[in-house]
Amino acid sequence: MSKVHVMDHPLIQHKVSLMRDKETGPKEFRELLSEISTLMAYEVTRDLPLKTVEIETPICRAQTKVIAGKKLAIVPILRAGLGMVDGIMSLVPAAKIGHIGLYRDPNTLEPVEYYCKLPADAEEREILLVDPMLATGGSASAAISFLKRRGCKNIKLVCLIAAPEGTSRVQADHNDVDIFVAAMDEKLNDHGYIIPGLGDAGDRLFGTK
Ligand code: PRP
Ligand code: URA
């Protein structure tokens, strides 16, 4: 069974609360999502492999550790996942970026795919699939299936807020994919929105409602 990691650092909890507030406008919402994504990236990359190199400090030669060149790709689910890319890239600037375009049909709640572009060597990379909202889990599960069809084997899902329904769905469909969330909320409402959640993440990021 894959693991669900809830990153409840006080700074993250504080910033998620500010994002939930309906008075928070798009500019602050975008800044907060970016900051939280950076904080989450610190934990999500905890298991990156290291190698030993020899360097010269001003005092002496020393054997010391650097990242072993593990190749990463960040793949946002459009639109709202875009808001997490810059924050993660600020820690791993060499990562490549792919895009998966999905929207949730408002009536069926089923994901509809409309775009996909991945790095040519995506299957050799560790993939950080990012989307702030994990509600029914339909979009994330479909995106992971797509990545696997493209040969990707090493995938982590990074979300801001999840409902238990969403993590259960992804774990049931993809038991090899660990899930990292900043907050695990209570449940979904009848329209598939997370309660308490923060509303529609895409609309709040881009000011479209
Ligand atoms: C939101 C969100 C996820 C999806 C989550 O996107 O960003 O992609 O819903 O819901 P699910 O877990 O039930 O599939 P939305 O479909 O609103 O598209 P948008 O990002 O373009 O606004
Ligand atoms: N998508 C969102 O943006 N918010 C939710 O609460 C559920 C799906």
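Above this text is the structure in question.
Residues numbered from 1 in each chain as written. Chains lettered and ligands numbered in written order. Predicted model: local features only at pLDDT ≥ 70, side-chain atom pairs only at ≥ 80, totals over all residues. Heavy atoms only, no water.

(A) Region of the structure containing the environment of P196. By secondary structure assignment, the location of P196 is in the loop between β13 (194-195) and α6 (201-206). Residues P196 and I12, 184 residues apart in the sequence, show an inter-C-alpha distance of 17 Å. If we ignore the near neighbours within four places in the chain, the residues touching P196 are R20, D185 and E186. (Helix = DSSP H or I, 4+ residues; strand = E, 2+ residues; numbered from the N terminus. Contact = heavy atoms within 4.5 Å.)

(B) Structural view of the site of ligand 1. Neighbouring ligand 1 are 15 residues, the closest being R79, R104, D131, T136 and S139. In this structure, G137 approaches ligand 1 through a main-chain N or O atom, which is 2.8 Å from an oxygen atom. At 2.6 Å from an oxygen atom of ligand 1 is found a side-chain nitrogen or oxygen belonging to S139. Alone, ligand 1 offers 500 Å² of accessible surface; in the complex the protein occludes 91% of this. When residues of the shell around ligand 1 are traced back to their parent elements, those giving at least two are β6 (99-104), β9 (133-134) and α4 (138-149). (Near = heavy atom within 4 Å. Polar contact = N/O pair within 3.5 Å; in protein donor to acceptor, adjacent residues only side chain to side chain. Areas by Shrake-Rupley, 256 points an atom, 1.4 Å probe, with all protein chains shown as cover.)

(C) Molecular detail of the site of ligand 2. In the neighbourhood of ligand 2, the contacting residues comprise R104, M133, A135, G192, Y193, I194, G199, D200 and A201. One of the backbone nitrogen or oxygen atoms of I194 is found 2.8 Å away from an oxygen atom of ligand 2. One of the backbone N or O atoms of G199 is found 2.8 Å from a nitrogen atom in ligand 2. Expressed as a share of its isolated accessible area of 240 Å², the protein-covered part of ligand 2 is 88%. Residues of the shell around ligand 2, tallied by class, amount to five nonpolar, two polar and two charged. (Nonpolar A, V, L, I, M, F, W, Y, C, P; charged D, E, K, R; others polar.)

(D) Structural detail: helix α1 (residues 10-20). For α1, the full list of buried residues reads I12, K15, V16 and M19. Each buried residue of α1 lies within a common arc of 105 degrees when the element is viewed along its axis, so the set occupies one face. Seen from the buried face of α1, the exposed residues on the opposite side, beyond 90 degrees, are P10 and H14. Buried-residue contacts for α1 involve α2 (26-44), β10 (155-162), β11 (178-184) and α6. (Buried < 20%, exposed > 50% of the residue type's maximum accessible area, 1.4 Å probe, protein only. Arc of directions from axis to C-beta.)

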